[in-house]
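The residues making up each chain are set out below.
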Amino acid sequence: MSDFINKPKTGPRARSRIRFTPERNEFAILSFNLELFQNDLEALIINESTQGSCVLFNKKFIPTDIVISKGIYVLVKIGKLEPVRAIVRWINNIDSDLMKVGFENTEHRYTIKFK
C-alpha cells in the first residue's frame, strides 16, 4: 500500500478508517467460490484499507454467469495481499460501462486453498 489518498475528513460523514492508494499495475481478483480461490473476475483497485476496498469494473468483461449484487460474499485479493472474505456493501453504476463496488472485509485473514 502506498500514500494516503486525502487528509482524513471530519464531521458526521468522516471515514473511520484511513484509505490508501494502490500500487501501480495492481489489480483486484475476485473469486465467487468461497472454498477454493480462483480467478473469476479482475478489477481496477480504487482504494484499500484494513477494513475493505473499492474497485472499478468494466461491465463488458463481467461474464454473464456472474452477478454482482449488494450483500453477496466473495473472496477478494487486493494486489499482492492474501485473499480475504468480503461482502459487497455498495454498488455505484457510473455509466453503461463502468461500475464501482465497495467491499467490507468480513475476516482479516482467511485460510483458503488456491486453485
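### Overview of the nonpolar core
And then number 1: If you look at the biggest cluster of nonpolar residues, it comprises 18 residues, and the most contacted ones within it are Leu-30, Val-55, Phe-57, Ile-68, Val-101 and Phe-103.
And then number 2: Counting only elements with at least two residues in this core, the list comes to strand 1 (27–31), strand 3 (41–48), strand 4 (52–58), strand 5 (73–78), strand 6 (84–93) and strand 7 (98–105).
And then number 3: The residues touching Val-101, leaving out its near neighbours within four places in the chain, are Ser-53, Cys-54, Val-55, Phe-57, Ile-68, Val-88, Trp-90 and Ile-91.

### Notes on the sheet that holds strand 7
And then number 1: Strand order around the closed barrel formed by 6 strands is 1-3-4-7-6-5, with antiparallel pairing between neighbours. Sheet twist, expressed as the average angle between the axes of neighbouring strands with direction ignored, equals 45 degrees.

### Observations concerning the side chain of Lys-77
And then number 1: Within the fold, Lys-77 resides in strand 5.
And then number 2: Lacking a salt bridge, the buried Lys-77 has Glu-82 as its closest oppositely charged neighbour, with an N-O distance of 5.9 Å.
And then number 3: Here the side chain of Lys-77 touches Gly-79 through a polar contact of 2.9 Å, landing on its backbone oxygen.
And then number 4: Not counting residues within four places of it along the chain, the set of residues in contact with Lys-77 comprises Phe-27, Ala-28, Ile-29, Phe-37 and Pro-83.

### Observations regarding the environment of Ile-94
And then number 1: Within the secondary structure layout, Ile-94 lies in the loop between strand 6 and strand 7.
And then number 2: Residue classification places Ile-94 among the partly exposed positions, given a relative accessible area of 43%.
And then number 3: In the structure, Ile-94 is positioned 38 residues away from Leu-56 in sequence and 9.5 Å away in space, judged by C-alpha atoms.
And then number 4: The residues touching Ile-94, leaving out its near neighbours within four places in the chain, are Leu-56, Met-99 and Lys-100.

Reading the values: rules and limits
- Residues numbered from 1 in each chain as written.
- Predicted model: local features only at pLDDT ≥ 70, side-chain atom pairs only at ≥ 80, totals over all residues.
- Heavy atoms only, no water.
- Core = buried A, V, L, I, M, F, W, Y, C linked by side-chain atoms within 4.5 Å.
- Buried < 20%, exposed > 50% of the residue type's maximum accessible area, 1.4 Å probe, protein only.
- Helix = DSSP H or I, 4+ residues; strand = E, 2+ residues; numbered from the N terminus.
- Contact = heavy atoms within 4.5 Å.
- Pairing = 2+ DSSP bridges.
- Axes fitted to C-alpha atoms, helices over the stretch in contact; angles between N-to-C directions.
- Lys, Arg positive; Asp, Glu negative; His and termini not counted.
- Salt bridge = Lys/Arg side-chain N within 4 Å of Asp/Glu carboxyl O.
- Polar contact = N/O pair within 3.5 Å; in protein donor to acceptor, adjacent residues only side chain to side chain.

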